[in-house]
Amino acid sequence: MLEIEEKDFKIIINKVKNQISNTKIEIFRNANMCLLKLYYNIGKIIYDNSEWGNKFIDEMACEIKISFPNIKGFSVRNLKSMKKYYLICSQNKKVQTASAQIPWSHNMIILDKIKDDNKRIWYMNETAVNEEKSLAGKAYLNIAKRIQGEDVPFIDLDEPKDILGKIKKFFKSFIDFLFIPPLDSPSNNGYINAYIPL
């Protein structure tokens, strides 16, 4: 068996490390789109079975909670919102595309409060642009930089606690969704703490 030279090995390992880093960043970028796609598909299933009435949604929420006890976001209310999201986005793909840029909670506010699709798209685009300037946007960028190995400071803890709480809640729900052990589990290894101090 041939021995690999150290410089060749380092080149190969650096390629692997770069692929790992790039994949981590891609996961964070695509997480929101994946969740919205899931919510759209669940909304379609609910719509396709609407002849069963609200009982269907009640039972679905119950079954999901039993099967995935650590995952939040599948309450009866949220399942009804998924149906609404599906109905709106299936009628206008531009709304669906614009919605992929912003978190679920922002989508629900815009879809509930604004009835005109052109205005919805405008607000979604503006929300996406302004999100990058907000504390949450800074936190997401901060996390992406940390994943790449950059030494960047943590979020200023003097910022309003409710904003930090929302950021932590978002990442906790995302991590729970990916089936990473809960925060208080010994096998968690501090996934959230590595990025946002609690």
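Going by the structure above, here's the rest.
Keep in mind that what you see is a predicted model, and the values were worked out from it rather than measured.

Comments concerning the environment of Lys55
Moving on, step 1. If you trace the backbone, Lys55 turns up in helix α2 (residues 54-67).
Moving on, step 2. Residue Lys55 is classed as exposed on the basis of its relative accessible area, which comes to 55%.

Concerning the environment of Leu87
Moving on, step 1. Locating Leu87 in the fold gives a position in helix α3 (residues 76-91).
Moving on, step 2. Judged by its relative accessible area of 27%, Leu87 is partly exposed.

With respect to the packing of α2 against α3
Moving on, step 1. Viewed as axis vectors pointing N to C, α2 and α3 meet at an angle of 120°, and their least axial separation amounts to 9 Å. For the element pair α2 / α3, the angle class is oblique. Here the hand of the crossing between α2 and α3 comes out right-handed. Here Asn54, Ile57, Asp58, Met60, Ala61 and Ile64 of α2 come into contact with α3, specifically with Val76, Leu79 and Lys80.
Moving on, step 2. In terms of residue class, the contact of α2 with α3 is built from six nonpolar, one polar and two charged.

A few points about α2
Moving on, step 1. In this model α2 runs 20 Å from its N-terminal to its C-terminal C-alpha over 14 residues, within 8% of the 20 Å that 1.5 Å per residue would give.
Moving on, step 2. Buried residues of α2: Ile57, Met60, Ala61 and Ile64, and no others. The arc that holds the buried residues of α2, viewed along the axis, is 100°, so those residues lie on one side. In α2, those exposed residues whose orientation departs by more than 90 degrees from the buried face are Lys55 and Ile66.

A short note on the packing of aromatic side chains
Moving on, step 1. Summed over the entire model, instances satisfying the criterion amount to seven aromatic pairs.
Moving on, step 2. Look at Tyr39 and Phe74: their rings are 6.1 Å apart centre to centre, the planes differ by 75°, and that puts the pair in the edge-to-face class. Residue Tyr39 is found in helix α1 (residues 6-48), and its partner Phe74 is found in the loop between α2 and α3; the two are separated by 35 residues along the sequence.
Moving on, step 3. Judged by its relative accessible area of 9%, Tyr39 is buried.
Moving on, step 4. When the ring of Trp122 is compared with that of Tyr123, the centres are 4.9 Å apart and the planes differ by 90°; the resulting orientation is edge-to-face.
Moving on, step 5. The exposure class assigned to Trp122 is partly exposed, which follows from its relative accessible area of 48%.
Moving on, step 6. Residue class for Tyr123 comes out partly exposed when judged on its relative accessible area of 39%.
Moving on, step 7. Each residue in the set Tyr39, Tyr40, Tyr47, Phe74, Tyr85, Tyr86 and Trp104 is aromatic and connected to the rest through ring pairs, giving one cluster.

Basis of the calculations
Residues numbered from 1 in each chain as written. Predicted model: local features only at pLDDT ≥ 70, side-chain atom pairs only at ≥ 80, totals over all residues. Heavy atoms only, no water. Helix = DSSP H or I, 4+ residues; strand = E, 2+ residues; numbered from the N terminus. Buried < 20%, exposed > 50% of the residue type's maximum accessible area, 1.4 Å probe, protein only. Axes fitted to C-alpha atoms, helices over the stretch in contact; angles between N-to-C directions. Parallel < 35°, antiparallel > 145°, perpendicular 65-115°, else oblique. Left-handed = near helix turned anticlockwise from the far one by under 90°. Contact = heavy atoms within 4.5 Å. Nonpolar A, V, L, I, M, F, W, Y, C, P; charged D, E, K, R; others polar. Expected span 1.5 Å × (residues − 1). Arc of directions from axis to C-beta. Phe/Tyr/Trp six-rings, centres within 6.5 Å; stacked < 30°, edge-to-face > 60°.

Remember, this is a structural readout, not a statement about activity or role.
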